[in-house]
Each structure stands twice: as structure tokens, then as C-alpha cells.
Amino acid sequence: MKQEKILIIGAGGQIGVELALALRKVYGTDNVVASDIKAAHPLLKDSGPYAILNAMDANATLELVKKEGITQIYLLAALLSATGEKDPKKAWEINMQSLLQTLELGVQEKLTKIYWPSSIAVFGRSTPHHNTPQETVIEPQTVYGISKYAGELWCQYYNQRWGLDVRSLRYPGLISWKSEPGGGTTDYAVEIYHEALKNKKYTSFLSEDTYLPMMYMDDAIRGTIELMEAPSEKIKTRMAYNLSAMSFSPKEIAASIQKHIPDFTIDYNPDFRQKIADGWPKSIDDSAAREHWGWKNEFDLDNMTADMLLNLKAKVGH
Ligand code: SER
């Protein structure tokens, strides 16, 4: 079998950093080329092949693919929900153009597999908010959600029309300590841990009872690699799989932190992101992922909190 060689586009983001490190463990350091528009994230610096690449530059991407003999692409570059609402046109351009170029390149260069993440942001107000099914009414309200849903349809189209092996997951909010989130509505669930250690207090930009689906990064990375390694016949949707681990509100994550830091306090000052969160599911039905390719989460709120606090404490030294 031919050795796979992977290109990660947008490797400097919250998912990309950890995915690059994990993929290098599976496929070998030299077989995973990390790239981003910015200089390497500290964790990726000197840890393997790295290229500066603008995800919008189709020619530069093609050149890199040819030069490195790339067989698979993970396209992670995107503007997220909150940033996207500030500049909808730019979010649409970046999110869609990078995907369409990558799908086209996938067909031309006969790539073996492409990974592209979708999100719970595809769902909107008209979707059932509790235990949101895999297939349901999908009417996203943010430009990010619109781009993710349109992107899912394009992935399915390229699979059906050209046989491209493209796979996708609808991630919930992702919580990580190694890499920083950027521009999302679920980012409060990362900030809160930093502030708890630093200042023992946090002001949440979402109201106390705003439930959202969430997941620890360790689970998300393992799930992504499991999806990509599953035999093709097990992948029964070429849109994106619902993926779920836990659901909590700002009040509940604060209570989980108080088990370790009893004098931690939280208050609430909802901003424009509240409206985005109110349109999203409170919990997700991911039984299709569980049945089709064996998805199973390992972390719930309390063991995630323990792990986050332990690792962040060691990292930032509070
Ligand atoms: N975490 C993302 C966001 O908040 C959702 O996919 O935008």
C-alpha cells in the first residue's frame, strides 16, 4: 500500500495544532505537512514539516501538494461563528473558496481522502433543540452556519459525482488547553478555565442557562482520526456526522470548576453571541456516528474539568 502523506491547511488553529501532533504520531512526523497563513504555532515549531500557505491560494496549494507528494488533505482554515458575523462576506469567501478549491484539487490530483469539519452551527432556530437528529430541518442563521451547510452539500456532491472520499463531522464546542480557540461562540468554555486559575472569577458572555453541546479536544481528535481510518463502506453520509459528548451551561461548568477551586465565582454579561447560541441545539443525537463507525466519547464535564485544570496549571504556572 502506498504511504499516505497528509497536508493540514489551517494547522495553527485550535483543532489544527492538536490534530497535527496526533497525526504525526500515527503516520510519522515526516508524513504530515502542517501549514497555515501564519508562522508556526509554538507547539508545531521544529516538530516536523511546516509551510506558510494561504488557504485561498489555489496555485500555491497545488504546488505544495505536488512538491510534497500529498495524498490526503485536512482543510481546517475557516472564520468561526462570532468572527463571521462581523464580516459575513469575508467569512463566506474564505470558508467556501478554500473548500471548493480543495475539492477540485482532490479530484484533479486523485487524493485518497479529504477531511473538512462542519459544525453544530448548521442548525438554526427551526431545528429541534433537544437531541437534534442527524437528519432534520436545517436552516442556519449565521454566515458560518450557512457556509458549513453549503459546504456539506458540496462534499456530498463531489462524493456522488466524482467519487471523492471526503469525510466530515459536525463538531460541538471544543475545549482544549494546548491550543487557543478563536472567534467562536463556544469559546467561553475555554476562557473560563484560564480565568478561574488566573483571577478566580469569570464574566460569561452567555447567560447562565445557555446549554450547548461540547466536547474535550482529546475526544474530538480521536474521533476525527477514527472517522478518517474507518473503511469507506462504513461512512454512510457524505454530508457530516453529528458528534456529541456532553452538554452544559455556564452555570454548570462553573459548578464543576468550584469542585476544584471553591472560591471561584462567575457572573453573566451576555453580548451578541447570546443570539447565536440561542439558535443552536442544546444537545445532539449522534447515534448514526456511534452505529456506523463506532464513535464513543471518553470525557464528560467533570473528568474534562479535572484534566483541563491540571494541564493548564502546569502550562501557565498559576
Ligand atoms: N465552536 C464553533 C463556534 O463557536 C462552533 O462550531 O463558532
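Relevant structure appears above.
Worth saying up front: this structure is predicted, and the values here are computed from it rather than measured. (Residues numbered from 1 in each chain as written. Predicted model: local features only at pLDDT ≥ 70, side-chain atom pairs only at ≥ 80, totals over all residues. Heavy atoms only, no water.)

A.B. asks: Would you explain the overall build of the protein chain in this entry?
C.D. replies: Helix and strand counts for the protein chain stand at 11 helices and 14 strands. What you see for the protein chain is a C-alpha radius of gyration of 19 Å, in line with the 20 Å of a compact globule of 318 residues. Along the first, second and third principal axes, the C-alpha set of the protein chain runs to 55 × 45 × 40 Å. Across the 318 residues in the protein chain, those meeting the buried criterion constitute 56%. A separation threshold of at least 6 residues defines the contact pool for the protein chain, and within that pool the share at least 24 residues apart is 79%. When the accessible area of the protein chain is evaluated, it comes to approximately 13,600 Å², of which 52% is carbon and sulfur surface. A gap of 3 Å separates the mean positions of the 35 positive and 40 negative side-chain charges of the protein chain. (Helix = DSSP H or I, 4+ residues; strand = E, 2+ residues; numbered from the N terminus. Rg over C-alpha atoms; globule rule 2.2 N^0.38 Å. Buried < 20%, exposed > 50% of the residue type's maximum accessible area, 1.4 Å probe, protein only. Contact = heavy atoms within 4.5 Å. Areas by Shrake-Rupley, 256 points an atom, 1.4 Å probe, with all protein chains shown as cover. Lys, Arg positive; Asp, Glu negative; His and termini not counted. Charge placed at Lys NZ, Arg CZ, Asp CG, Glu CD.)

A.B. asks: Hey, could you run me through the packing of helix α8 (residues 250-258) against helix α11 (residues 301-316) in this one?
C.D. replies: Packed helices, taken two at a time, are described by the angle their axes make and the gap between the axes. Viewed as axis vectors pointing N to C, α8 and α11 meet at an angle of 55°, and their least axial separation amounts to 9 Å. Taken together, the axes of α8 and α11 lie oblique to each other. For the pair α8 and α11, the crossing hand works out as right-handed. Contact with α8, carried on its side by Glu252, Ile253, Ser256 and Ile257, involves Leu301, Asp302 and Thr305 of α11 and no other residues of that element. Looking at the contact of α8 with α11 residue by residue, the classes come out as three nonpolar, two polar and two charged. (Axes fitted to C-alpha atoms, helices over the stretch in contact; angles between N-to-C directions. Parallel < 35°, antiparallel > 145°, perpendicular 65-115°, else oblique. Left-handed = near helix turned anticlockwise from the far one by under 90°. Nonpolar A, V, L, I, M, F, W, Y, C, P; charged D, E, K, R; others polar.)

A.B. asks: Quick question: what am I supposed to make of the environment of Lys86 here?
C.D. replies: By the element assignment, Lys86 lies in helix α3 (residues 81-86). Taking the C-alpha atoms as reference, Lys86 lies 9.8 Å from Val143; in sequence the two are 57 residues apart.

A.B. asks: Just to check I follow, could you spell out a nonpolar patch on the surface for this structure?
C.D. replies: Taken together, the side chains of Trp154, Tyr157 and Trp162 define a hydrophobic patch exposed on the protein surface, amounting to about 320 Å² of accessible area. Following the sequence through the fold, Trp154 ends up in helix α5 (residues 143-162). Residue Trp154 is classed as partly exposed on the basis of its relative accessible area, which comes to 35%. (Patch = residues over 30% accessible without salt bridge, like charges linked within 9 Å, V, L, I, M, F, W, Y side chains within 5 Å. Salt bridge = Lys/Arg side-chain N within 4 Å of Asp/Glu carboxyl O.)

A.B. asks: Before we go on, may I ask you to explain the pairing of strand β1 (residues 6-9) in this structure?
C.D. replies: Looking along a regular strand, one sees the side chains alternate between the two faces of the sheet. Because side chains alternate across β1, one face comprises the buried residues Ile6 and Ile8, and the other comprises Leu7 and Ile9, equally buried. When β1 meets strand β2 (residues 32-36), the two strands line up parallel, connected through four bridges. Within β2, the position partnered with Ile9 by the bridge is Ser35. Traced from β1 through helix α1 (residues 14-27) to β2, the parallel crossover comes out right-handed. Pairing between β1 and strand β4 (residues 72-75): four bridges, direction parallel. If you follow Ile9 over to β4, its bridge partner there is Leu75. (Pairing = 2+ DSSP bridges. Right-handed = clockwise from strand over helix to strand, strands pointing away.)

A.B. asks: Just to check I follow, could you spell out the layout of surface pockets for this structure?
C.D. replies: Where empty space is left in the structure can be found by rolling a water-sized probe over the atoms. Reported here for the largest pocket is a volume of approximately 920 Å³. Lining the largest pocket are 41 residues, with Gly13, Leu76, Ala78, Leu80 and Gly182 positioned closest to its centre. Looking at the lining of the largest pocket, the elements with two or more residues in it are α1, α3, β6 (118-119), α5 and β9 (173-175). Among the elements that take part in the lining of the largest pocket, α1 stands out by supplying three residues, more than any other. Its residues assigned to classes, the lining of the largest pocket shows 20 nonpolar, 16 polar and five charged. (1 Å grid on protein atoms, 1.4 Å probe; cavity = no way out; pocket = protein on both sides within 12 Å on 5 of 7 lines; lining within 4 Å. Points joined across faces, edges and corners; volume = space filled by probe spheres on them.)

A.B. asks: How should the side chain of Lys113 be read in this particular structure?
C.D. replies: Locating Lys113 in the fold gives a position in strand β5 (residues 113-115). The side chain of Lys113 is buried and forms no salt bridge, while Asp165, the nearest opposite charge, is found at 5.2 Å. Among the polar contacts listed, one links the side chain of Lys113 to the backbone oxygen of Met228, at a separation of 2.7 Å. Non-local contacts of Lys113, meaning those with residues more than four positions away in its chain, are made with Thr71, Gln72, Ile73, Asp165, Arg167, Met228 and Glu229. (Polar contact = N/O pair within 3.5 Å; in protein donor to acceptor, adjacent residues only side chain to side chain.)

Purely geometric numbers; function is a separate question.
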